[in-house]
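Close look at the chain arrangement
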Amino acid sequence: MLGMTVLGLLATATAARAEWWEAETSHFVIVAESNKADAERFASRLERFDNALRFLQRLPIPGPEIGPTNKVRVYRFGDPFEIGELAAEGGGRAGINGFYVGRPGASVAFAPTKADDSMRFDRNLDQRQLIQRTALTPEGTLFHEYVHHFMLQRFNTTYPHWYVEGFAELYGTIQLLDGGVFKVGDVPQHRGPDLARFGDVKLTKLFDHSKRLSGQERYQSYSFGWLLSHYLNFNKERQGQLRDYLKALNTGEDSLTAATRVFGDLDTLQKELQKYKNGPFPGYEVIPANYVEPVVKMRRLTPGEEAVIEGHIRSERGVDRSGARSVVRSIGGKETLYPDNLAVQLAVAEAYSDAREFDKAEAVLKRALAIDPGSQKAHVLMGALISARADAQKEPALYAKARTWFADAVRLDPKDPRAAIGLYLTYYEAREPIPESALLTLEGVFDYSSHDDGYRLILARQLLDENRGKAARSVLAPLAFSAHKEEEANKIATIVEEIDAGKIEEARTTMAAIFAESKKKAED
């Protein structure tokens, strides 16, 4: 995937490492450098976590089939320092326990297989830093990030930033117990030092979306947001108030006005929170009826897949032009060593395409299609390749050629957002009339793409072009009110305000400026 650079990743040759396994559940695909039992257990626990979130939100378990492209792919390998290097684009970042990149049809997360206890003995760390580095496990990190993914996909509504993070902290600490039982309400131990060290965020400022939070106050959104979310969920006298406040936000009521009306005197609530943060913190165990253990399908990666896994992981993380060329140096040519391996052909083709070696990428994709003419991913990659070539070579006529590949990809998997978005953009970028079928296809993948800001902007832009201001507002609202005076959120909030004022043409102009700036950054 083109996007960011990673240098020096995975210095140890994969051939010298442990075996690789793929574990697939209803909502995840885990690719792990591990043994079979460990990979299977890890996948089962991730799926159980999804099921717990569904149970709490009264959603069906495991829910409807989402299709292979919409499952979150988790790459689990190495130690925290390798994951940190991957996250920091090769810049030598300190060890971390995981991170997540959300994209339509290609959401990925990365976590270490091995624990690293060396941080516990780092004399340069104070007690607060030590707790923060060691209390949050790889599993806990993934749980937190997956709550964000789950929240944005399942609830098309407006949430303030403190609640987005507070919700993730509140439910990211779900404890999975035996027999399908799980516990809600545990304290995120890694946030404890922040609650003790920093002063509380003033509620009159937190609820006032016209005020910009300082860097420290925004950082406090995680710990203080958890405290506020926990209190409003578990305090019997205030149960129902959070729901009423969020409902008010989504009807357009000013945040500070709604908070004062629903919660009453905010100074009183502030004092209650100051007392509450000293504990104890209530929680409860949930015993789902008719619990069924998640089904996990296991398979060992082929020798060919293992041969390209290093480069493939880097592509999945995201690479810039320099990083793409580095990936090509790592795995380019291996398509000839494994000529009958579809996965190898696809990985190498993507690497060539990211590096803008279009002729080589096309040749490898043709080889992939010879192996499997029905490969949906090969069709998506071919459409993306030709679209990239059209953009790079300034040849709009090529979009029509890309369109046929995306159309076939949509036919092969109507739930794949990459195919739906790609098909739509072949008309938009070519400045051609967009048929209703392409518009319906774009809107039809909303349930699988709503976690991605870019998709929401593309859809909202199209809705504005169709004079469907109310629908565009609904798509943009979760982005507009997710932060206090953050620059990009400000621009999106401006569009919402313009829509509310009936100024659709002005909203289109503001939207065009957002896309123009984004394109300029990509070119730089």
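Description of the structure in this document. Note that the coordinates shown come from a computational prediction; the quantities given were computed from them, not determined experimentally.

Rules used in this analysis
- Residue numbering note: each chain is counted from 1, following its sequence as written.
- Given that the model is predicted, a residue must reach a pLDDT of at least 70 before its local features are reported, and side-chain atom pairs must reach 80 or more before they are shown or counted; all residues, however, enter totals for whole chains, interfaces and linings.
- As a rule here, side-chain values come from all non-hydrogen atoms in the structure, and water together with hydrogens is ignored.
- Only DSSP runs of H or I reaching four residues or more are called helices, and only runs of E reaching two or more are called strands; each is numbered from the N terminus.
- Simply put, an axis is a line fit to the C-alpha atoms, just over the touching stretch for a helix, and the angle between two N-to-C directions goes from 0 to 180 degrees.
- Working definition: roughly parallel below 35 degrees, roughly antiparallel above 145 degrees, roughly perpendicular at 65 to 115 degrees, and oblique for all remaining angles.
- Left-handed describes a crossing whose near helix is turned anticlockwise from the far helix through less than a right angle; right-handed describes the clockwise counterpart.
- What makes two residues a contact is simply this: any of their non-hydrogen atoms within 4.5 Å.
- Burial classes follow relative accessibility: with a 1.4 Å probe on protein chains only, a residue under 20% of its type's maximum area counts as buried, one over 50% as exposed, and anything between as partly exposed.
- It is the directions from the helix axis to the C-beta atoms whose arc is reported.
- Note on pairing: DSSP must find at least two bridges between two strands before they are called paired.

1. Digging into unusual backbone geometry
For the bond running from I61 to P62, omega is 0°, close enough to zero to count as cis. Secondary-structure assignment places P62 in the loop between α1 (36-56) and β3 (72-76). G279 connects to P280 through a cis peptide bond whose omega is -5°. Its place among the elements puts P280 in the loop between α11 (266-276) and β8 (284-286). Backbone geometry places N290, a non-glycine residue, at a positive phi of 55°. Mapped onto the elements of the fold, N290 is located in the loop between β8 and β9 (297-300).

2. Focus on the packing of helix α16 (residues 358-371) against helix α17 (residues 376-392)
At a minimum axis separation of 10 Å, α16 and α17 run at an interaxial angle of 160°. The pairing of α16 with α17 is recorded here as roughly antiparallel in orientation. Of the two possible hands of crossing, α16 and α17 adopt the one that is left-handed. Contacts between α16 and α17 involve F358, D359, A361, E362, L365, K366 and L369 on the former and, on the latter, A378, H379, L381, M382, L385, A388, R389 and A392.

3. As for helix α9 (residues 241-250)
If you check which residues of α9 are buried, you get Q241, L242, Y245, L246, A248 and L249. The buried residues of α9 occupy an angular sector of 155° when projected down its axis, which confines them to one face. Turned more than 90 degrees away from the buried face of α9 sit R243 and K247, all of them exposed. For α9, the secondary structure elements touched by its buried residues are α5 (161-172), α8 (215-234) and α10 (255-263). One or two positions beyond α9, positive phi appears at G252, with a value near 100°.

4. Some details on the sheet that holds strand β4 (residues 99-101)
Strand order in the open sheet formed by six strands is β4-β5-β3-β2-β1-β9, with mixed pairing between adjacent strands. Across the chains shown, the open sheet's two edge strands, defined by having one partner strand only, are β4 and β9. Between one strand and the next, the sheet's axes are offset by a mean angle of 15°, whatever the strand orientation. Looking at chain direction, β4 and strand β5 (residues 108-111) are connected through three bridges and run antiparallel. Note on β5: the bridge partner recorded for Y100 is A109. Taken strand by strand, helix α4 (residues 138-154) contacts β2 (28-33), β3, β4 and β5, and its axis lies near 165° from that of β3. In the packing of helix α12 (residues 303-317) onto the sheet, contacts are made with β1 (20-24), β2, β3, β4, β5 and β9, and the angle to β3 comes to roughly 120°.

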